[in-house]
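Fold and contact review
Chain residues, written in single-letter form:
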Amino acid sequence: MSGRTGAFHPKHGRNIRLMEDDSVAHRVDSYNKAVVFSEQPIPLGGTFQVKLLDKGGGWAGSLRFGFTVQCPDDIPVPSGALDLYRSEDYWILSASTVHHNGQEKRVDFNLESLRVGQSIGCLVNKEGELRYFVDGKDQGVGWTGLPTDKPLWGFADIYGLARKIKSEFLCDETMSCSEDSDLDITG
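All of these numbers come straight from a predicted model, not from anything done at the bench.

Read from one edge of the open sheet, seven strands run S2-S3-S14-S5-S10-S11-S12, paired in antiparallel fashion. What marks the edges here is a single partner per strand, and that holds for strand S2 (16-19) and strand S12 (137-143). Ignoring strand direction, the axes of neighbouring strands in this sheet form an average angle of 25 degrees. Summarising the sheet, S2 and strand S3 (residues 24-27) pair through four bridges and their orientation is antiparallel. Considered in S3, the bridge of Ile 16 is made with Arg 27.

Phi is mostly negative for residues that are not glycine, and the peptide bonds are mostly trans. Even without glycine at this site, Lys 33 takes up a positive phi of about 55 degrees. Note that Lys 33 resides in the loop between S3 and strand S4 (35-37). Given the relative accessible area of 26%, Lys 33 is considered partly exposed. Positive phi values are uncommon outside glycine, yet Asp 135 reaches one of about 50 degrees. Looking at where Asp 135 falls in the secondary structure, it is placed in the loop between strand S11 (130-134) and S12. For Asp 135, a relative accessible area of 47% corresponds to the partly exposed category.

Now for the confidence of the model for the protein chain. Across the protein chain, the average pLDDT comes to 88, with 88% of residues at or above 70. For the stretch residues 178-187, pLDDT sits under 50, and the model shows 17 contacts to residues farther than four places along the chain or on other chains.

Thresholds, definitions, all that
Residues numbered from 1 in each chain as written. Predicted model: local features only at pLDDT ≥ 70, side-chain atom pairs only at ≥ 80, totals over all residues. Heavy atoms only, no water. Pairing = 2+ DSSP bridges. Helix = DSSP H or I, 4+ residues; strand = E, 2+ residues; numbered from the N terminus. Axes fitted to C-alpha atoms, helices over the stretch in contact; angles between N-to-C directions. Buried < 20%, exposed > 50% of the residue type's maximum accessible area, 1.4 Å probe, protein only. pLDDT = per-residue confidence, 0-100. Contact = heavy atoms within 4.5 Å.

Pasting the structure below:
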């Protein structure tokens, strides 16, 4: 994989300000409308990971996190993850539940317990398993049956108490939204 430290996509929620070469996303207003995507797809077996830099603000809830098969260039920016729980195109961890296509699966950790300075990551392996990691420690399978033949973009909703995140992932610069390109998603 030819990669570089990932940046967030220029298309994002209206309450987001990107900083530090688009590697830091800061929610500057309200508690929502703070969705960000990876700038490029995350290769199969590659980890989409962010570090929580700031929390606070008196809101409830926290970061929501996962993958989508939708290219950010081709969709309107959702106002928040809650709008996407019934979508077949998103797999979203919120608190201790993964949501996909109107279904839910509980996991053994709670994203709301993530502390400032800790990292959350996820990857899709060649078996189509979505695995989550906290500070690099495997938290197990969050979902199965994800596509292994389509590009996947990292997705985060900087919601509620979460205010700022930093990218800690690699993007594959050979991949893009273009359907004309011959994508090698195996990394």
